[in-house]
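# Structure at a glance
Given next are the chains, with one letter for each unit.
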Amino acid sequence: MVPRTKEANGPVTSKAVLDHVAIAAPQLVDGWELFGGVLGGSWLYGGDSPGFWWGQLGFTGGPKIELLTPTGGPDAAFLERFLAARGAGPHHLNFIVPDINDTLARVREMGIEPVQVSLANPAWKEAFLRPKDAHGIVIQVAEQSGSPRLAAPAELPVPGPPAAFALVEHYVGDLDEAIRLYSEALDGEVVSRPAADGASVVDLAWDNGALLRLVALGPGSGPCLGPLTFARDGDGFGAAERSQAALLARRLAVSVQLGD
């Protein structure tokens, strides 16, 4: 979400990847408990930025989860507006790209104009696609050099048994245009077109193991981010974990599915 400290061994990618799903909340204890304590996410990095605090958790596979909370002042306005209008919930999808100028050129070829384009910081260049252009969710594209290594927050619980972040679902009104955005501009590979209750469904994958499922909505339904699916090998998730995950997910206004 924010500028990273440049390091010699920063991430290198030849194609865009779906790097993380960001979730905003007035306070983060429920997010830490759900994605760390129940789902086994391990601390990666995070810290203060003007107006908000952010932190990321990694899993055994798939994208990361980023948690965001406002910290006050004029720079917090964007996140405070979001929480005032919608409450806690998914805020954006982030794609790390090898060349942001190339990505933005491809986006513009589709008739989409990025906003809040910021290219001055060589360690973190970013731009955003508005929900009306990105099928109901903010999309952040960023060119990153390095990552900070900051201490985990004190309230982060000991991670539970590790799980993989197996699948992100996105409900869209125009399936063809959504496929075009995610594949042509953001380098997703269409890997399957399964049938699901008669709905049109397309799966796209990225080199970091991220899997995005696009589901075509019927008339009268609005586009939005759907369930986030986590899977665990072995015995899977117990009844108590499923109950706790459901409670925390409701508080965060996210849909979480637990698979085995």
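Below you will find a few notes about this structure.

Quick notes on the rules
Residues numbered from 1 in each chain as written. Predicted model: local features only at pLDDT ≥ 70, side-chain atom pairs only at ≥ 80, totals over all residues. Heavy atoms only, no water. Helix = DSSP H or I, 4+ residues; strand = E, 2+ residues; numbered from the N terminus. Rg over C-alpha atoms; globule rule 2.2 N^0.38 Å. Buried < 20%, exposed > 50% of the residue type's maximum accessible area, 1.4 Å probe, protein only. Contact = heavy atoms within 4.5 Å. Areas by Shrake-Rupley, 256 points an atom, 1.4 Å probe, with all protein chains shown as cover. Arc of directions from axis to C-beta. Salt bridge = Lys/Arg side-chain N within 4 Å of Asp/Glu carboxyl O. Core = buried A, V, L, I, M, F, W, Y, C linked by side-chain atoms within 4.5 Å. Axes fitted to C-alpha atoms, helices over the stretch in contact; angles between N-to-C directions. Parallel < 35°, antiparallel > 145°, perpendicular 65-115°, else oblique. Left-handed = near helix turned anticlockwise from the far one by under 90°. Phe/Tyr/Trp six-rings, centres within 6.5 Å; stacked < 30°, edge-to-face > 60°.

We now examine the overall build of the protein. When its secondary structure is counted, the protein shows five helices and 15 strands. At 18 Å, the protein has a C-alpha radius of gyration in line with the 18 Å of a compact globule built from 260 residues. Referenced to the eigenvectors of the C-alpha coordinate spread, the extents of the protein come out at roughly 50 × 45 × 35 Å. For the protein, the proportion of its 260 residues judged to be buried stands at 52%. Relative to all contacts within the protein whose residues are 6 or more apart in sequence, the contacts with residues 24 or more apart total 66%. Carbon and sulfur atoms make up 51% of the accessible area of the protein, which totals about 11,200 Å².

Another point: helix 2 (residues 77–86). Along an α-helix, residues three or four positions apart point the same way, because every turn accommodates 3.6 residues. Buried within helix 2 we find L79, F82 and L83. Down the axis of helix 2, the smallest arc covering the buried residues is 90°, so these residues share one side. Exposed and facing more than 90 degrees away from the buried side of helix 2 are R81, A84 and A85. Packing partners of the buried residues in helix 2 comprise strand 1 (17–24), strand 3 (52–58), strand 4 (64–70) and strand 5 (89–96). One or two positions beyond helix 2, positive phi appears at G87, with a value near 80°.

Position of G61 among the secondary structure elements: in the loop between strand 3 and strand 4. Between the C-alpha atoms of G61 and G218, which are 157 residues apart in sequence, the distance is 31 Å. Apart from residues no more than four positions distant in its own chain, G61 is found in contact with A164 and F165.

Under the criterion given, the structure shown has twelve salt bridges. Between K15 and D207 there is a salt bridge; the shortest N-O distance is 3.8 Å. Highlighted residues: K15 in the segment before strand 1 and D207 in the loop between strand 12 (199–205) and strand 13 (211–216), separated in sequence by 192 residues. Since its relative accessible area comes to 61%, D207 is described here as exposed. The closest approach of N and O atoms between E113 and R108, which form a salt bridge, is 3.2 Å. We classify R108 as partly exposed; its relative accessible area is 38%.

F35, I139 and Y182 are the most contacted members of the largest nonpolar core, which has 65 residues in total. In terms of residue count, helix 4 (residues 175–185) provides more of this core than any other element does, six residues in total. If we ignore the near neighbours within four places in the chain, the residues touching I139 are L93, F95, A127, F128, L129, A134, L181, Y182 and L186. Listed in part, the nine residues of the second largest apolar core include Y45, F52, L68 and L79.

All right, on to the packing of helix 3 (residues 100–109) against helix 4 then. Their axes nearest at 10 Å, the elements helix 3 and helix 4 cross at an angle of 155°. The pairing of helix 3 with helix 4 is recorded here as roughly antiparallel in orientation. As helix 3 packs across helix 4, the resulting crossing turns out to be right-handed. Listed contacts from helix 4 to T103, R106, V107 and E109 of helix 3 are R180, E184 and A185.

Attention shifts here to the packing of aromatic side chains. For the coordinates displayed, the defined rule picks out twelve aromatic pairs. Judged by centre distance (5.9 Å) and plane angle (40°), the ring pair of F95 and Y182 falls under tilted. Of this pair, F95 sits in strand 5 while Y182 is found in helix 4, placing the two residues 87 residues apart along the sequence. Here the aromatic cluster, defined as three or more aromatic residues joined through ring pairs, consists of F35, F59, F165 and F230.

Interpretation in functional terms is not warranted from these geometric data alone.
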